[in-house]
Amino acid sequence: MTQSNFEKNGGTYTKIGDYLIPDLTLSPAEQDIHIGGWGMRHKRYLMENQRVTFNIMQMNGTLWKHLADIDMQAEDMFFRLVNDMAKAEGVTDQLKVGDQMLWVQKMNNIRNRATEIVNTELIYA
């Protein structure tokens with residue numbers, strides 16, 4: 001099996017046998033983008049369930065920016081939901097001081113619900 005590299009249509013390709021495989025690398029701007037847990041979860045979803053979209057975004061160089069945007073939106077949405085739910089349910093610092101175990105239970109419940117909402121509306125959409 002022969003292997004050779006060449007440029008075509010503005011990109012570089014490696015020819016392996018009869019197939020041209022694009023040489024996919026991150027641009028310097030993309031290398032500086034931080035992708036957190038939410039973005040990585042969305043990446044896994046795209047890879048497993050939206051393979052064509054994932055490949056197109058990867059080839060045209062928009063995947064990492066998209067993942068960073070999703071990560072930032074999810075993070076903001078999560079903290080906003082947790083704060084709003086805690087306020088609505090009366091989970092305050094006074095409760096934390098008075099009954100720590102109850103506060104932990106309520107906050108874990110709120111965080112779990114907020115995670116489910118973010119997953120449904122942003123990550124797995």
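Our structure's up above, just so we're on the same page.
Along each chain, residues carry numbers from 1 onward, in the same order as the chain's sequence is written. Two thresholds apply to this predicted model, a pLDDT of at least 70 for residue-level local features and 80 or more for giving and counting side-chain atom pairs, whereas whole-chain, interface and lining totals are computed over all residues. Only hydrogens and water are set aside; all other atoms, that is, all heavy atoms of the structure, feed into the side-chain values.

**Description of the environment of Val91**
Note the cut-off: Runs of E in the DSSP output that reach at least two residues are strands. Runs of H or I that reach at least four are helices, and both are numbered from the N terminus. Only protein chains enter the calculation, and the probe is 1.4 Å; a residue is then buried if its accessible area is under 20% of its type maximum, exposed if over 50%, and partly exposed in between. Contacts are assigned to residue pairs that have any heavy atoms within 4.5 Å of one another.
Mapped onto the elements, Val91 comes out in the loop between helix H4 (63-88) and helix H5 (93-98). Assessed through its relative accessible area of 10%, Val91 is described here as buried. Spatially, the C-alpha atoms of Val91 and Met107 are 7.5 Å apart, while their sequence positions differ by 16 residues. Discounting chain neighbours no more than four positions away, the residues touching Val91 are Ala86, Trp103, Lys106, Met107 and Ile110.

**Some remarks on the packing of aromatic side chains**
Think of a pair of aromatic rings as described by two things: how far the centres are apart, and how the planes are tilted against each other in angle. Filter applied, for reference: Working definition: a ring pair exists when centres of Phe, Tyr or Trp rings (six-membered ring for Trp) sit within 6.5 Å. Plane angles under 30 degrees give stacked, over 60 give edge-to-face, the rest tilted.
One pass over the structure, following the stated rule, counts 3 aromatic pairs. Ring centres 5.8 Å apart and planes at 50 degrees place the aromatic pair Trp38 and Phe78 in the tilted group. Pair noted here: Trp38 is in helix H2 (residues 37-49) and Phe78 is in helix H4, with a separation of 40 residues, a long-range link. Of the two residues, Trp38 and Phe78, neither departs from the other in class, the shared state being buried. Between Tyr45 and Tyr124 the ring centres are 5.6 Å apart and the planes differ by 65 degrees, which places this aromatic pair in the edge-to-face class.

**Comments concerning the side chain of Asp71**
We apply this condition: Asp and Glu are treated as the negative residues and Lys and Arg as the positive ones, with His and the ends of the chain left uncounted. We count a salt bridge whenever a side-chain nitrogen from Lys or Arg sits within 4 Å of a carboxyl oxygen from Asp or Glu.
Checked against the element boundaries, Asp71 lands in helix H4. Summary of buried charges: Asp71 has no salt-bridge partner, and the nearest side chain of opposite charge, Arg41, is 8.9 Å away. Those residues in contact with Asp71 that lie beyond four places of it in its chain are Gly36, Gly37, Trp38 and Gly39.

**Comments concerning H2**
Applicable threshold: By this rule the span expected of a helix is its residue count minus one, scaled by 1.5 Å. Throughout, the arc means that of the directions going from the helix axis to the C-beta atoms.
A rise of 1.5 Å per residue sets the reference length of H2, with its 13 residues, at 18 Å; its end C-alpha atoms lie 18 Å apart and thus fit the reference within 8%. Looking only at H2, the buried set comprises Trp38, Gly39, His42, Lys43, Tyr45 and Leu46. End-on view of H2: buried residues confined to an arc of 160 degrees, all on one side of the axis. Summarising the geometry of H2, the exposed residues directed more than 90 degrees from the buried face are Gly37 and Glu48. On its buried face, H2 is in contact with helix H3 (51-60), H4 and helix H6 (100-123).

**Some thoughts on the nonpolar core**
Rule in force here: Residues grouped as a nonpolar core are buried Ala, Val, Leu, Ile, Met, Phe, Trp, Tyr and Cys residues, joined through side-chain atoms within 4.5 Å.
Formed by 18 residues in total, the largest nonpolar core has its most connected members in Val91, Met107, Ile110 and Val118. Those elements that provide at least two residues to this core are H4 and H6. The element contributing the most residues to this core is H4, with 8 residues. Contact partners of Met107, with chain neighbours within four places excluded, come to Val82, Ala86 and Val91. Core analysis: the second largest hydrophobic core is formed by 9 residues, Ile35, Tyr45, Met57 and Ala68 among them.

**Examining the pattern of salt bridges**
This structure, assessed with the given rule, holds 2 salt bridges. Note that Asp69 and Lys65 form a salt bridge whose closest N and O atoms lie 3.2 Å from each other. Of the two residues, Asp69 and Lys65 are both situated in helix H4; the distance of 4 residues between them amounts to about one turn of the helix. Owing to a relative accessible area of 27%, Asp69 belongs among the partly exposed residues under this scheme. Look at Lys65 and you get exposed, because its relative accessible area is 51%.

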